[in-house]
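Architecture and fold: a report
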Amino acid sequence: MRLDHVQIAIPTHGEHAARAFFGTLLGLAEIPKPAALAGRGGCWFALGGGQALHLGVEEPFHPARKAHVALVTDDLDALRARLTAAGCIVADDIALPGQRRFFTQDPFGNRLEIVQPAA
């Protein structure tokens, strides 16, 4: 088995903020949703290797504060600087063997882990 996609929830009408954060700030490319699902709201982003991050509308909305997605970057420091400059809270955590990491939140309060493999 392999991971195809992971989905996190966003509130109704959260697509604009999601595109600004995941698309513009994190640099993920948006991929079109199939026509049969487009009317449900939300948006999808490519993660590489055929994997995707799906943002789906959920009401009532509750952000995921413990469960989270971990995204891999090749420049943790540059992404940290971009997030900080945009007003996002960045919290370092204990380094794990072979990687550096920090946590942040999307505009809706969902927890995200950002990791970079150690050189």
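Chains are numbered independently. Their residues run from 1 in the order of the written sequence. Residues qualify for local features only when their pLDDT is at least 70, as the model is predicted, and side-chain atom pairs are given and counted only at 80 or more; totals for whole chains, interfaces and linings, by contrast, use all residues. Side-chain metrics in this entry use all non-hydrogen atoms of the structure; hydrogen atoms and water are not considered.

Our focus in this paragraph is the environment of Ala 86. A run of H or I in DSSP counts as a helix once it spans at least four residues, and a run of E counts as a strand once it spans at least two, with each numbered from the N terminus. With respect to the helices, strands and loops of the structure, Ala 86 is situated in the loop between helix 3 (76-85) and strand 6 (91-92). Sequence separation between Ala 86 and Leu 25 is 61 residues; the distance between their C-alpha atoms is 8.2 Å.

Looking now at the nonpolar core. By nonpolar core we mean a set of buried residues, namely Ala, Val, Leu, Ile, Met, Phe, Trp, Tyr and Cys, connected to one another through side-chain atoms within 4.5 Å. Categorising residues by exposure relies on relative accessible area from a 1.4 Å probe, with only protein chains included: less than 20% of the type maximum marks a residue as buried, more than 50% marks it as exposed, and the intermediate range marks it as partly exposed. Membership of the largest hydrophobic core comes to 24 residues, with the highest contact counts inside it found for Phe 21, Phe 22, Leu 26, Leu 53, Leu 55 and Leu 83. Looking at this core, the elements that each hand over two or more residues are strand 1 (5-10), helix 1 (15-25), strand 3 (43-48), strand 4 (51-57), strand 5 (69-72), helix 3 and strand 8 (111-117). For this core, the leading source of residues is helix 1, giving four residues. Whether two residues are in contact is decided by their heavy atoms: any pair within 4.5 Å suffices. Ignoring any residue separated from it by four or fewer positions in sequence, one finds Phe 22 in contact with Ile 8, Gly 27, Leu 28, Phe 45, Leu 53, Leu 55, Asp 106 and Leu 112.

Glancing now at the layout of surface pockets. Buriedness of a pocket was judged along seven lines, with at least five required to meet protein on both sides within 12 Å; pockets are open sets of points on a 1 Å grid over the protein atoms alone, cavities are sets where a 1.4 Å probe fits but cannot get out, and lining residues have an atom within 4 Å of a point. Grid points are joined across faces, edges and corners, and a volume is the space filled by probe spheres set on the points. The computed volume of the largest pocket comes to approximately 330 Å³. Surrounding the largest pocket, 20 residues form its lining, Leu 28, Leu 47, Leu 71, Val 72 and Thr 73 being those nearest its centre. Element by element, the count of residues in the lining of the largest pocket is highest for strand 5, at four residues. Counted by class, the lining of the largest pocket contains 13 nonpolar, four polar and three charged residues. The residue classification treats Ala, Val, Leu, Ile, Met, Phe, Trp, Tyr, Cys and Pro as nonpolar and Asp, Glu, Lys and Arg as charged. All others, Gly included, are polar.

In this section: unusual backbone geometry. Only a minority of non-glycine residues have a phi that is not negative, and only a minority of peptide bonds are not trans. Residue Pro 60 is bonded to the preceding Glu 59 through a cis peptide linkage, with omega at -5°. Relative to the assigned elements, Pro 60 resides in the loop between strand 4 and strand 5. In this model, His 13 sits at a positive phi of 65°, which is unusual for a non-glycine residue. A relative accessible area of 71% means that His 13 is categorised as exposed.

Strand pairs in the sheet, formed through backbone hydrogen bonds, run parallel or antiparallel to each other. Whether two strands pair comes down to DSSP finding at least two bridges between them. On the basis of which strands lie adjacent, the open sheet formed by four strands has the order 5-8-7-6 and mixed pairing. Every other strand in the sheet has two partners, leaving strand 5 and strand 6 as the edge strands with one partner each. Examined bridge by bridge, strand 5 and strand 8 share four bridges and lie parallel to one another. Note that in strand 8 the partner of Ala 70 across the bridge is Glu 113.

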